[in-house]
Amino acid sequence: MKIGKVINNVWATRKDEALVGQKFMIVQLMDNNREFKGSIIVAADYIGAGIGETVLITQGSSSRHMRGLEYSPVDAIIVGIIDEEKES
Amino acid sequence: MKIGKVINNVWATRKDEALVGQKFMIVQLMDNNREFKGSIIVAADYIGAGIGETVLITQGSSSRHMRGLEYSPVDAIIVGIIDEEKES
Amino acid sequence: MKIGKVINNVWATRKDEALVGQKFMIVQLMDNNREFKGSIIVAADYIGAGIGETVLITQGSSSRHMRGLEYSPVDAIIVGIIDEEKES
Amino acid sequence: MKIGKVINNVWATRKDEALVGQKFMIVQLMDNNREFKGSIIVAADYIGAGIGETVLITQGSSSRHMRGLEYSPVDAIIVGIIDEEKES
Amino acid sequence: MKIGKVINNVWATRKDEALVGQKFMIVQLMDNNREFKGSIIVAADYIGAGIGETVLITQGSSSRHMRGLEYSPVDAIIVGIIDEEKES
């Protein structure tokens, strides 16, 4: 899994039917120096993450192993929101 | 998912039979500074993306979870066109 | 597989149900110069790795081929702890 | 998919049985500046690509979705040869 | 597939049961300049590769498509040893 910071929502009116009704967030991943200056990705969100929160991201086929996503063309999801006070 | 900008169509006359009739676009991905200077990829397009549009890309096995692609040797697809006015 | 050094535990109170009760560790991967200054990832741990240990990490769909993880949205796991005295 | 230039054939006398009789090519991928100075990979070839040709490459599990490769330990294949006159 | 040079064996006494009895090698991959200064990975070896040999590596789910590895949490294997005299 990867650690990232939620930057913004992203909207796509024209999209694959299987993605209708899903919430997508732009997330910047943590780099090798532990700063949020790494890769920019878009992840589906079912946890209810907000802009500015630090999140845990699962990528690849494993991201389709969440409720009802088995046949969705999604390759990244937010699987958790990292607790602030304990993250080093 | 990744964000990219559509650069051009790509044509391949000599290709695997399973790819005949499909539309392929060259897309440059967004880099860590949010500029479209990242990786260059080719994605199958079923949404109808045009040159210059900002698109959402799904990669890997998840890209075969779209209509009729289960047995196609495709590893990247355009799954949406990002709305301009709301993208930050 | 990748080689990494365990940096810390990570806690996420708000997370996908399928991840409840699992232990997650932040791991920094070995870079091209064999120093632990590479990518930062989070891996599920069933081996019992401790902070500071050198571990073997499996990523992708192969990480779900461990006891009971077939339907879990996990994309990285610790599969072993590397013996110190023999590692070059 | 990725774009690459075929550099050479590669031969491996000692190899997994499932790879016997297959043709493998070394390919250098296009980098972010659209030059063929990117990653070096080896891809299985069923299209009949020649040294110096520009090819389309599929990677990952999708590369096993070609004739008879379902059980082969191959993670990259040449799926097409890109037409020269139209490629920008 | 990737090309790499075998650096050393790696031993992990504490590991997942499914990995017991397997041989693991540390391999450094070929970089964009064709030198073995790229990523460091660990691959399972069933071919019998020795330290210093140039090998072909398959990664991802395709690496589990070898004898008996379908349920093993392995994400990289050595699938061949590259013939020296013909490699350019």
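Residues numbered from 1 in each chain as written. Chains lettered and ligands numbered in written order. Predicted model: local features only at pLDDT ≥ 70, side-chain atom pairs only at ≥ 80, totals over all residues. Heavy atoms only, no water.

## A look at the overall build of chain A
Applied cut-off: Note on conventions: DSSP H or I runs of at least 4 residues are helices, E runs of at least 2 residues are strands, and numbering of each starts at the N terminus. For the radius of gyration, the atoms used are the C-alpha atoms, and the globule rule reads 2.2 Å times the number of residues raised to 0.38. Summary of the burial criterion: residues with accessible area below 20% of their type's maximum are buried, those above 50% are exposed, and those between are partly exposed, where the area comes from a 1.4 Å probe applied to protein chains only. Here a residue-residue contact requires only that any non-hydrogen atoms of the pair lie within 4.5 Å. For every accessible area listed, the method is Shrake-Rupley and the probe measures 1.4 Å; residues are considered covered only by the protein chains on display. In this count, Lys and Arg are taken as positive residues and Asp and Glu as negative ones, while His and the chain termini are left out. The atoms used to mark charge sites are NZ of Lys, CZ of Arg, CG of Asp and CD of Glu.
The secondary structure content of chain A amounts to zero helices and six strands. Along chain A, from the amino end to the carboxyl end, the secondary structure elements read β-β-β-β-β-β. On C-alpha atoms alone, chain A measures out to a radius of gyration of 13 Å, which is about the 12 Å that the 2.2 N^0.38 rule sets for 88 residues. Projecting the C-alpha coordinates of chain A onto the three principal axes gives extents of approximately 40 × 25 × 20 Å. The buried share among the 88 residues of chain A stands at 58%. Long-range pairs, those at least 24 residues apart, make up 48% of the contacts in chain A between residues at least 6 apart in sequence. Surface accessibility of chain A: about 3600 Å² in total, with carbon and sulfur atoms responsible for 46%. Taking the 10 positively charged and 12 negatively charged side chains of chain A as two groups, their mean positions are separated by 3 Å.

## Structural notes on the layout of surface pockets
Condition: Using only the protein atoms, space was sampled on a 1 Å grid; points where a 1.4 Å probe fits but cannot get out form cavities, open sets with protein on both sides within 12 Å along at least five of seven lines form pockets, and lining residues are those with an atom within 4 Å of a point. Grid points are joined across faces, edges and corners, and a volume is the space filled by probe spheres set on the points. Each residue gets one of three labels, nonpolar for Ala, Val, Leu, Ile, Met, Phe, Trp, Tyr, Cys and Pro, charged for Asp, Glu, Lys and Arg, and polar for the others, Gly among them.
Empty space within the second largest pocket amounts to approximately 410 Å³. Taken together, the residues that form the lining of the second largest pocket break down as no nonpolar, nine polar and seven charged.

## Topic: the relation of the copies chain C and chain A
Cut-off, in case you're wondering: Here the copies are superposed with least squares, the fitted atoms being C-alpha atoms of residues at a pLDDT of at least 70 in both.
Once turned by 72 degrees and shifted 0.0 Å along the axis, chain C lies on chain A with an RMSD of 0.0 Å. What we have between these two chains is a five-fold relation. Closest approach to the rotation axis among the C-alpha atoms of chain C is made by Ser61(C), whose C-alpha sits 5.3 Å away. A share of only 3% of interface residues in chain C that are also interface residues in chain A marks the association as one of differing surfaces.

## Here's the deal with the environment of Ala43(C)
Of note, Ala43(C) is situated in strand 4 (residues 40–45). A C-alpha to C-alpha distance of 9.7 Å links Ala43(C) and Val79(C), two positions 36 residues apart in sequence. Excluding its chain neighbours within four sequence positions, the residues that come into contact with Ala43(C) are Met1(A), Lys23(C), Phe24(C), Met25(C), Ile57(C), Ala76(C), Ile77(C) and Ile78(C).

## Remarks on the interface of chain C and chain E
Threshold: By convention, the term buried area covers the 1.4 Å-probe accessible surface removed from two parts as they join, with the contributions of both added. For salt bridges, the criterion is a side-chain nitrogen of Lys or Arg within 4 Å of an Asp or Glu carboxyl oxygen. Pairing of N or O atoms within 3.5 Å defines a polar contact, subject to two protein rules: one partner must be a possible hydrogen donor and the other a possible acceptor, and residues neighboring in sequence count only if both atoms are side-chain atoms.
Every contact between the two is made by 27 residues of chain C and, on the other side, 31 residues of chain E. Contact between chain C and chain E buries roughly 2300 Å² in total, counting both sides, with carbon and sulfur atoms accounting for 53%. Summed over the three residues of chain C that lose the most area to chain E, namely Met1(C), Asn32(C) and His65(C), the buried surface amounts to 29% of that side. Across the contact surface, chain C and chain E share one salt bridge. The partner of Glu53(C) in a salt bridge is Arg14(E), with the nearest N and O atoms 3.1 Å apart. Our count for the chain C to chain E interface comes out at 16 residue pairs in polar contact (both at pLDDT 80 or more).

## Observations regarding the relation of the copies chain C and chain E
Of the two same-sequence chains, chain C is brought onto chain E (RMSD 0.0 Å, axial shift 0.0 Å) by a rotation of 72 degrees. Comparing interface residues between copies, only 4% of those in chain C also lie at the interface in chain E; the contact surfaces differ.

## Focus on unusual backbone geometry
Residue and element names in this part refer to chain B. Phi at Arg 34 is positive, roughly 65 degrees, even though this residue is not glycine. You can see Arg 34 is positioned in the loop between strand 3 (24–29) and strand 4 (40–45). Look at Arg 34 and you get partly exposed, because its relative accessible area is 36%.

## Describing the nonpolar core
We apply this condition: Only buried residues count toward a nonpolar core. Its members are Ala, Val, Leu, Ile, Met, Phe, Trp, Tyr and Cys residues joined through side-chain atoms within 4.5 Å.
Core analysis: the largest hydrophobic core is formed by 76 residues, its most contacted members being Val42(A), Val42(B), Val42(C), Val42(D) and Val42(E). Once residues within four sequence positions are removed from consideration, Val42(A) is found in contact with Val10(A), Phe24(A), Met25(A), Ile26(A), Ala76(A), Met1(B), Ile3(B) and Leu56(B).

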